[in-house]
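Below, each chain spelled out in residue letters.
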Amino acid sequence: MKNLRFLSLAVATVATAFLASCGNAPKEEVVEETAVEVVEEVPVEAPKTVVDIAVGSPDHTTLVAAVTAAGLVETLSGTGPFTIFAPTNAAFAALPAGTVDNLLKPESKDKLTSILTYHVVAGNVMAANLSDGQVVKTLNGQDLKVSIKDGKVMINGANVTAADLAGSNGVIHIVDAVLLPK
């Protein structure tokens, strides 16, 4: 019986050792590597309004000062669309001495507003859509006359020096003279 007990104990020990060694086998761990792509966020620039275009132009600082003095920045930054015949600084400088300074005074706001709105037409009027002899109504209620000679566009005698500068709320045509209402 001692032999049977000894044999049972030996078998149990071997079986336990065998089972213990099977359970402790090193497990292979599967590690998945995930590549994380870093995406740099680039700020999306809002479309520029006709006012933003003028503000960004070094040739239109006088026009921007006039639009600001007349309180038209918010209006011309609205949904529009607007077509603006934008005089350059040189065009304003060609006016008689003291004219611009007088127009920028608070007591001249109505006159300044009338002059500036005479440069604005409702809608998107592209240069290709203008025709010789065409008359367009401005926001101040008066008309501008278009003339085209040898492919050159003029508005009330002022030369269009650059056309179709598109903004989110309209278009700008650069003119070389200040348009004065009657």
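Residues numbered from 1 in each chain as written. Predicted model: local features only at pLDDT ≥ 70, side-chain atom pairs only at ≥ 80, totals over all residues. Heavy atoms only, no water.

This paragraph deals with the nonpolar core. Ranked by internal contacts, the top residues of the largest apolar core, which has 23 residues, are Leu76, Ile84 and Leu116. Counting only elements with at least two residues in this core, the list comes to helix H2 (50-55), helix H3 (61-69), strand E1 (82-87), helix H5 (89-93), helix H6 (99-103), helix H7 (109-117) and strand E7 (170-175). Aside from chain neighbours lying at most four places away, what touches Leu116 is Leu63, Ala66, Val67, Ala70 and Leu72. By size, the runner-up hydrophobic cluster in this structure holds 14 residues, among which are Val125, Leu130, Val160 and Leu179. (Core = buried A, V, L, I, M, F, W, Y, C linked by side-chain atoms within 4.5 Å. Buried < 20%, exposed > 50% of the residue type's maximum accessible area, 1.4 Å probe, protein only. Helix = DSSP H or I, 4+ residues; strand = E, 2+ residues; numbered from the N terminus. Contact = heavy atoms within 4.5 Å.)

Moving on, we come to the sheet that holds E1. Read across the sheet, 7 strands follow the order E2-E1-E7-E6-E5-E4-E3 without closing on themselves; strand pairing throughout is mixed. Pairing within the sheet leaves two strands with one partner each, and these edge strands are strand E2 (120-122) and strand E3 (135-137). Averaged over all pairs of adjacent strands, the angle between their axes in this sheet comes to 30°, without regard to strand direction. Where E1 meets E2, 3 bridges bridge the pair, whose relative direction is antiparallel. In the sheet register, Thr83 faces E2, and the bridge partner there is Val121. (Pairing = 2+ DSSP bridges. Axes fitted to C-alpha atoms, helices over the stretch in contact; angles between N-to-C directions.)

E7 sits mainly inside the fold: 6 of its 6 residues count as buried. Of the two faces of E7, the one carrying Gly170, Ile172 and Ile174 and the one carrying Val171, His173 and Val175 are both buried. In this sheet, E7 lies alongside E1 in parallel orientation, the contact comprising 6 bridges. By the bridge assignment for E7, Pro87 is matched with Val175. Taken together, the 5 bridges between strand E6 (residues 158-167) and E7 define a ladder with antiparallel strand orientation. Bridging across to E7, Val160 finds its partner in Val175. Hairpin connection from E6 to E7: 2 residues lie between these consecutive antiparallel strands.

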